[in-house]
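# Coordinate analysis (summary)
Read off the chains here:
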Amino acid sequence: MANLKGGTFEKQCKDLFHRLESFGKGRHGKSDHQTHSDKLAEKRTMYANDFKDFLERNNIQEKMNIAMTSDNIKVFLDERLEGLKANTQENYIRGLSSMITGLRESNISVPCDRSVFDNKTAEVKATATPDTRTNLAINNLNEKIEQLYDKRFESGVISEVLKDLGVRVSEGYELVQNIDSYYNATNGTIENLVGKGKHIYEPKIISSELIEKIKMCEGLPSQNTYRNNLKNVGINNPHLIKFSYSKREFEKKLNDGIEYHQALRELSQELNHSRESMSLFYIGKT
């Protein structure tokens, strides 16, 4: 099995498209995973560019196909599919899976396992209704984080960062690894943290206790190891911590007397979005 050619992600994307391109070629009665139409070519351009942006954002410098590990694909899908309708998420998962299958059929080595896509599809189906999403907030989250600290200190720190700040896993890792670049000690805030779509989070207050814990970290676990640590304490997906953050913060705003739609707008901004619908998604109201 070979790797994609090219010394840059842009060149590797071009090689990917070239290997899958099959316009005007018959399938001879067989189903394959090549690119036979302009419409499919547009979608695969999107998949490849989305994954390229993910690799650049996380400073992953391996060949694109080698970087398509199960762990990286899990994190990528969690981030890319955030807030999309269930059927849109399922279509994206199927499309990306088909493209990767096409690469394998074209003799390109891709290490991710098929189960990554099956498990993500099952997760999407399980959270497709508002009533189900309402129950995704982890009511005993503090207790579970304490259990994480007992298992591996650094996994506890990452989880507490996600719980207190409402950021994504990759953003939590970036923050912990480079805390001095984001912590304003004068204001006690995290500033200039870049999120999905290169949008910068608004300043977030962080406790001095959590800052001390962050500075005590001695090397973070891989994201795959971190996810396994979470499962050991009963948290099946780190993204569920964001549901817990959203529920807690939204209820706090209402208790403080903030008008309902204003509370939705403020929560959306805290989540680094701009639409009320994102807040509704995370509190299980859509």
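A brief structural summary. (Residues numbered from 1 in each chain as written. Predicted model: local features only at pLDDT ≥ 70, side-chain atom pairs only at ≥ 80, totals over all residues. Heavy atoms only, no water.)

### With respect to the overall build of the protein chain
What the protein chain contains, in helices and strands, is 14 helices and three strands. Its C-alpha radius of gyration of 20 Å places the protein chain within 12% of the 19 Å reference for a compact globule of 286 residues. For the protein chain, the spread of C-alpha atoms along the three principal axes comes to 65 × 40 × 35 Å. Burial statistics for the protein chain: of 286 residues in total, 47% are counted as buried. Sequence-distant contacts in the protein chain: of pairs separated by 6 or more residues, those separated by 24 or more amount to 62%. (Helix = DSSP H or I, 4+ residues; strand = E, 2+ residues; numbered from the N terminus. Rg over C-alpha atoms; globule rule 2.2 N^0.38 Å. Buried < 20%, exposed > 50% of the residue type's maximum accessible area, 1.4 Å probe, protein only. Contact = heavy atoms within 4.5 Å.)

### Observations regarding helix 10 (residues 208-216)
Because each turn of an α-helix spans 3.6 residues, side chains separated by three or four positions end up pointing in the same direction. If you check which residues of helix 10 are buried, you get Leu210, Ile211 and Ile214. Taken end-on, helix 10 shows its buried residues confined to a sector of 105°, consistent with a single buried face. Exposed and oriented more than 90 degrees from the buried face of helix 10 are Glu209, Glu212, Lys215 and Met216. (Arc of directions from axis to C-beta.)

### What about the pattern of salt bridges?
All chains considered together, the criterion is met by 21 salt bridges. For Glu90, the salt bridge identified is with Lys125, shortest N-O distance 3.1 Å. Here the residue Glu90 occupies a position in helix 4 (residues 86-105), and Lys125 occupies one in helix 5 (residues 115-126), the gap between them amounting to 35 residues. The class of Glu90 is buried, set by a relative accessible area of 15%. (Salt bridge = Lys/Arg side-chain N within 4 Å of Asp/Glu carboxyl O.)

### Points about the sheet that holds strand 1 (residues 183-184)
What the three strands build is an open sheet, ordered 1-2-3; its pairing is antiparallel. The sheet is open, and its two edges are formed by strand 1 and strand 3 (204-205), each paired on a single side. As defined by bridge partners, strand 1 adjoins strand 2 (residues 189-190) across two bridges and the pair is classed as antiparallel. Its bridge partner being in strand 2, Asn184 is matched across the sheet by Thr189. (Pairing = 2+ DSSP bridges.)

### Focus: the packing of aromatic side chains
Applying the stated criterion to the full structure yields eleven aromatic pairs. By way of ring pairs, the aromatic residues Tyr47, Phe51, Phe54, Phe76 and Tyr92 are connected into one cluster. (Phe/Tyr/Trp six-rings, centres within 6.5 Å; stacked < 30°, edge-to-face > 60°.)

### Focus on the environment of His36
Here His36 shows up in the loop between helix 1 (9-20) and helix 2 (38-57). With relative accessibility at 18%, the residue His36 sits in the buried group. Put simply, His36 and Leu267 are 231 residues apart on the chain and 43 Å apart in space, counted from C-alpha to C-alpha.

### Section: the packing of helix 3 (residues 70-80) against helix 4
In contact at an axis separation of 12 Å, helix 3 and helix 4 are set at 145° when each is read in the N-to-C sense. Crossing geometry of helix 3 relative to helix 4 is assigned as right-handed. Between helix 3 and helix 4, the contacting residues are Ile73, Phe76, Leu77 and Arg80 on the first element and Tyr92, Ile93, Leu96 and Ile100 on the second. (Axes fitted to C-alpha atoms, helices over the stretch in contact; angles between N-to-C directions. Left-handed = near helix turned anticlockwise from the far one by under 90°.)

### Points about the nonpolar core
Within the largest apolar cluster, 44 residues are counted, with the highest numbers of intra-cluster contacts made by Val161, Ile190, Ile214 and Tyr226. Looking at this core, the elements with two or more residues in it are helix 7 (141-151), helix 8 (153-165), helix 9 (169-177), helix 10, helix 11 (223-232), helix 12 (240-255), helix 13 (260-270) and helix 14 (276-282). For Ile190, the contacting residues outside a window of four places in its chain are Leu165, Leu175, Ile179, Tyr182, Tyr183, Glu202, Pro203, Lys204 and Ile206. (Core = buried A, V, L, I, M, F, W, Y, C linked by side-chain atoms within 4.5 Å.)

### Description of the environment of Cys13
Summarising the element assignment, Cys13 is placed in helix 1. Residues Cys13 and Cys217, spaced 204 residues apart in sequence, show a C-alpha to C-alpha distance of 37 Å.

### Some words on the packing of helix 8 against helix 9
At a closest axis distance of 9 Å, the pairing of helix 8 and helix 9 adopts a crossing angle of 115°. The angle between the axes of helix 8 and helix 9 places the two elements in the roughly perpendicular class. Where helix 8 crosses over helix 9, the handedness of that crossing is right-handed. Judged by residue contacts, Val157, Ile158, Val161, Leu162 and Leu165 of helix 8 engage Val169, Gly172, Tyr173, Leu175 and Val176 from helix 9. The class makeup of the residues in the contact of helix 8 with helix 9 is nine nonpolar, one polar and no charged. (Parallel < 35°, antiparallel > 145°, perpendicular 65-115°, else oblique. Nonpolar A, V, L, I, M, F, W, Y, C, P; charged D, E, K, R; others polar.)

### Here's the deal with the side chain of Glu249
Along the polypeptide, Glu249 turns up in helix 12. Among all residues touching Glu249, those that are not within four sequence positions of it are Leu267 and Glu270.

### Things to note about the environment of Phe281
For Phe281, the position within the fold is in helix 14. On the basis of relative accessible area, Phe281 is assigned to the buried category, the value being 13%. A sequence separation of 35 residues divides Phe281 from Ser246, and the C-alpha atoms of the two residues are 9.5 Å apart.

### Comments concerning helix 12
Taking 1.5 Å per residue as the helical rise, helix 12 with its 16 residues ought to reach 22 Å, and the 23 Å between its terminal C-alpha atoms agrees with that figure. Among the residues making up helix 12, those that are buried are Leu240, Ile241, Lys242, Phe243, Ser244, Tyr245, Ser246, Glu249, Phe250 and Lys253. The positive-phi residue at the C-terminal boundary of helix 12 is Gly257, with phi of around 90°. (Expected span 1.5 Å × (residues − 1).)

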